[in-house]
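# A structural walkthrough
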Amino acid sequence: MIMSRIGKRKNKIINKTLEELVPQNHLVRKLENCIDFRFIEEEVKHLYSSIGAPSIPPVILFKMAFINIIFDIHSMRKTAEECQVNVAYRWFLHLEMDETIPNFSTFSQNYRRKYQKDDIFYKIFVKILKQAEKYGLLDYESVYIDSTHQKANANKNKHINTKVELIAKSFEEELLEEINTVRKSKGQKEFSSIIKEELVYDEKTGESKKVAITKQIKESKTDPESGYYHKGEKEKMFAYSHHVAVEKNGFVVHTSVMPGNVHDSVSFFPVVNSLKSEHSNKGIKNLVLDAAYFIPAICRDIIKSEWIPLMPYVRPRTKKGFFKKYDYVYDEYFDCYICPNNHILTYHTTDKQGYKHYKSEGKICEKCPDLHRCTQSKTHQKVITRHVWEEYKEITRENRYTQNWKENYPLRKETIERCFGECKEHHTLRFTRFKGIQKNQDNSYMIFASYNLKKMALKYSKKPKYYKKKMTVDKKSQ
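Residues numbered from 1 in each chain as written. Predicted model: local features only at pLDDT ≥ 70, side-chain atom pairs only at ≥ 80, totals over all residues. Heavy atoms only, no water.

The residue His94 is not glycine, and still its phi comes out positive at about 60 degrees. Turning to its location among the elements, His94 is positioned in the loop between helix 6 (87-93) and helix 7 (104-113). (Helix = DSSP H or I, 4+ residues; strand = E, 2+ residues; numbered from the N terminus.)

Glancing now at the packing of aromatic side chains. Counted according to the given criterion, the structure contains 23 aromatic pairs. Among the aromatic residues, those joined into a ring-pair cluster are Phe62, Phe107, Tyr111, Tyr115 and Phe121. Sitting above the plane of the Phe251 ring, Lys455 keeps its charged end 5.8 Å from the centroid. (Phe/Tyr/Trp six-rings, centres within 6.5 Å; stacked < 30°, edge-to-face > 60°. Lys NZ or Arg CZ within 6 Å of the ring centre and 35° of its normal.)

In a regular helix each residue adds 1.5 Å, so 26 residues correspond to 38 Å; helix 16 (residues 437-462) covers 38 Å between its end C-alpha atoms and thus fits that length. With 19 of its 26 residues buried, helix 16 lies for the most part within the structure. (Expected span 1.5 Å × (residues − 1). Buried < 20%, exposed > 50% of the residue type's maximum accessible area, 1.4 Å probe, protein only.)

Our focus in this paragraph is the pairing of strand 8 (residues 252-259). Most of strand 8 sits out of view: seven of its eight residues are buried. Counting the residues that bridge the hairpin from strand 7 (residues 237-246) to strand 8 gives five residues, and of these Gly250 lies at a positive phi of roughly 95 degrees. (Pairing = 2+ DSSP bridges.)

Now for the side chain of Arg90. If you trace the backbone, Arg90 turns up in helix 6. For the buried Arg90, no salt bridge exists, and the shortest N-O distance to an oppositely charged side chain is 6.2 Å, to Glu99. The contact partners of Arg90, leaving out residues within four places of it in the chain, are Leu18, Cys83, Gln84, Leu95, Glu96, Met97, Glu99 and Ile101. (Lys, Arg positive; Asp, Glu negative; His and termini not counted. Salt bridge = Lys/Arg side-chain N within 4 Å of Asp/Glu carboxyl O. Contact = heavy atoms within 4.5 Å.)

This is the structure in structure tokens:
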């Protein structure tokens, strides 16, 4: 057999349109069919002047941003280059082969001058979510909340050590009121504030005054709004934290961005407040969270909102060979604990964190045969703490034994964990090119809007007639 060779390039003219060149099952066709992108024009109309030279259609710019994220290109410069040669991308942008692709800097300049001052990215996120809702793709019965970290565009070795004051948490006013109610009933002095304070000598006045205790953190020189993040064996880095809520079918219904050093238990409250204001009428029944959210304040907030908290089992953090906390029985009527040998631990005080302290009698415990399994205190005194909102944790803990927990909690890996995994691998969530909270919040809306859009397009393409019929039925029922 004679080996064939590549011949000279033939500049053959192909008489085919873009419509014919793009395969019928290509993803861009599915994206175009599931939603009318012209809504973007209406949303940004107020940002453009009615006089002067015509601008590049904003729909094209935002479609380029969707291409950038959905096809995991990472760079707007590279996206413009790909759109120049990719017929599928040109078809999606409604640009013929002889038309010029917008320069890669056009989107960034429009963002700086127009979009950054507006909430257009949030509107796009909401519009895509509402379209999925019209198709009947959303199920709000169970909402899954979690966070993931995105590496910031900042050198981890370029930082300064700075001191910041401890900020009051959103629930601390209610907690302070509860603490003072308990202390007042026990004849103890009330607290004026939960935040710990220290006496500092003022050289100018010659007097000592109370100031809030500060903590030292690392602040990036490159991106001061990011937070220094370190967890377990993961790399130490500056990062942003994306706090996301996902409904039962895997669509993202909320996203908010915070510095990477903000704990999940703190960031939970802005997320749940958003759910209350935006999705309170959607029939939310369960909130499914991981162990990081298992604190009294969160359990209380969920139960007060008439939702069911579903969280995993948290092992008792007790030394091996010692009694577990559940071995000590709490007597609600007499407000005391009873140890395994039927001795009483009485109430002593309530601290600023909301924990009530119960102590045993050292003289009695000294003679106890199980002292070595109870405490190593030199005074032979056993101390147990109980939060003033502990009953809400107990209710949450009991939910683990229900059928509702068994049906919904295991779906975390199929909903929110899958969402994070796919967005990190395929939709630019692993690291960010932007600096600052606002830019990363806008980018977060685009990332998860793209994720929802792709998910909706793939589902709609399978049964387009079914979803159109369902939309018609829903409109009639309304």
